[in-house]
Amino acid sequence: MRHNKIHAQTIELLLSSITMTMGDDGAKASFFYGRPGTPHWDRRMGADIYYHFVELKLASLFVRSNGPSYLRALAISDITSKLQDFISSNFWYLGDETFAKFRDEPLNQWISEATKDNLADALSRDVLFAPKIELNLFPLIPVVVRNVFEGDQFSLSPASSGNCFGIKDEHIVKHLDATRFPPEKSFKGPLRRPQSWLSVFSADKKEALKVRSSILGAIALTSLPKHRHLFSGREVFGGQCTLGDDGLSYSFEPNHTPPCMYDIVISKSDAQWLQILSKKINDPAKDVRRQMIGLEYFFKAWDNAPSDRFPILCMVLEALYGDPQNATQAIVDGVQQTLGAQISNARLRVILQLRGSVVHGRAPDVYDSSKYPKYYKKYKADPISDLELIAAACLRKTVFDDKLLVHVDPNADIIKEAQAAGRLPRRLNNQSILSE
């Protein structure tokens, strides 16, 4: 594979961060190297170079902005480490020109163009720019999958004995058991039992976690508002399994979902919106990326207390409609364009005024704002709940074109019967900010 301008510019920036002497701020790096592709144990030549971290960080920022999309899920320190690994693995190309040369100038000023081209070619083939796609598995507890969904970027499946995550390699399948976490049959530690699995194809574990967040944010949208934050004492757990060329690895991240009182059931009726989401997950278009970020924020709000939830829900609307030059008006215009006459304009503006108090530091806690009790008194409703209704409606319309429907209340028949018998009031909710 021949390099392009991005590979060439990356090499130029990377070499500008390296000298053969310490200078004023150089950080020494010592390593052994050999011909590219040589295993570590057979690298017999040693090198001492000095990195200058301002220039190195600029190289990392350039790669993050212009390289493959998965890099935008990584911290700058992760990308910096990958660039340093690339240099040590490919120093062979620099060896002849740098041997016994103790020059103060950065390498980009005196290394030949032919060597830079060789490095750029190597970079185009390196895992940094040509990553291997791996399967990442996330165990889910309060999500029940009745009908398997298989999309281009992710899948959802039940934790049944016949499920092997769509893996075709029988040699791998025989070592796995989808009814347990970790799913490796030889694992001797404590086992947990998920109800379902989310499988994500990704170039990096951290990118897979961000994709997971957007997917679970969408799944949270299917739950009734009154159930979304109704939690039980059930045990939930996190964790991530990655299946790559080196086999199966696993880690134990925090819980993927809160301990929902009621299971979220994925069935055939969810197939259409799941397909829409699968097509959008890795779409590089700017408006689609904003939608995925909005879902990610909605996921982050899921397991928070109401006062902590409020600023995160504000970020959902910022992600969808925000404009740094005209933040509040941009959100008002965006919400009204999305929801039209369905939204109460007056109430929306009061909520955004409350948002201003929280976001701009006048009220560290939403309850500290004088606007909170005023809103409650005037509209007989919680502005936090109203904001969540707005954010959810905008996500369903913008991301899914209203193809994602809220699931039916599992207690609907019981509630209806109790209302008819006079054991429950006929109106269970305050007046919604969204017109009925």
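Structure's up top.
Right, let's walk through the structure included here. (Residues numbered from 1 in each chain as written. Predicted model: local features only at pLDDT ≥ 70, side-chain atom pairs only at ≥ 80, totals over all residues. Heavy atoms only, no water.)

Let's shift gears to the packing of aromatic side chains. The final tally for this structure, using the stated rule, is twelve aromatic pairs. Consider the rings of Trp273 and Phe400, whose centres lie 5.5 Å apart with planes at 80 degrees: the pair is edge-to-face. Taken as a pair, Trp273 in helix α9 (residues 271–280) and Phe400 in helix α15 (residues 383–400) lie far apart in primary sequence, 127 residues in all. Both residues of the pair, Trp273 and Phe400, count as buried. Here a set of aromatic residues connected by ring pairs shows up, and it is made of Phe181, Phe187, Trp197, Phe237, Tyr250 and Phe252. (Phe/Tyr/Trp six-rings, centres within 6.5 Å; stacked < 30°, edge-to-face > 60°. Helix = DSSP H or I, 4+ residues; strand = E, 2+ residues; numbered from the N terminus. Buried < 20%, exposed > 50% of the residue type's maximum accessible area, 1.4 Å probe, protein only.)

On to the pairing of strand β9 (residues 238–244). With six of seven residues buried, β9 lies mostly within the body of the structure. The sheet contact formed by strand β4 (residues 134–140) and β9 spans three bridges and is antiparallel. By the bridge assignment for β9, Leu135 is matched with Leu243. Between the end of β9 and the start of strand β10 (residues 247–255), which pair antiparallel, lie two residues. (Pairing = 2+ DSSP bridges.)

A separate point is the layout of surface pockets. Considering only enclosed or pocket space, the second largest pocket measures out at about 750 Å³ in volume. Forming the boundary of the second largest pocket are 28 residues, of which Lys82, Val127, Leu128, Lys132 and Asp246 lie nearest the centre. Contributing elements (two or more residues each) for the lining of the second largest pocket: α3 (76–89), β9 and β10. With six residues, α3 is the single largest residue contributor to the lining of the second largest pocket. Looking at side-chain class alone, the lining of the second largest pocket contains eight nonpolar, nine polar and eleven charged residues. (1 Å grid on protein atoms, 1.4 Å probe; cavity = no way out; pocket = protein on both sides within 12 Å on 5 of 7 lines; lining within 4 Å. Points joined across faces, edges and corners; volume = space filled by probe spheres on them. Nonpolar A, V, L, I, M, F, W, Y, C, P; charged D, E, K, R; others polar.)

These values are about where atoms sit, not about what they do.
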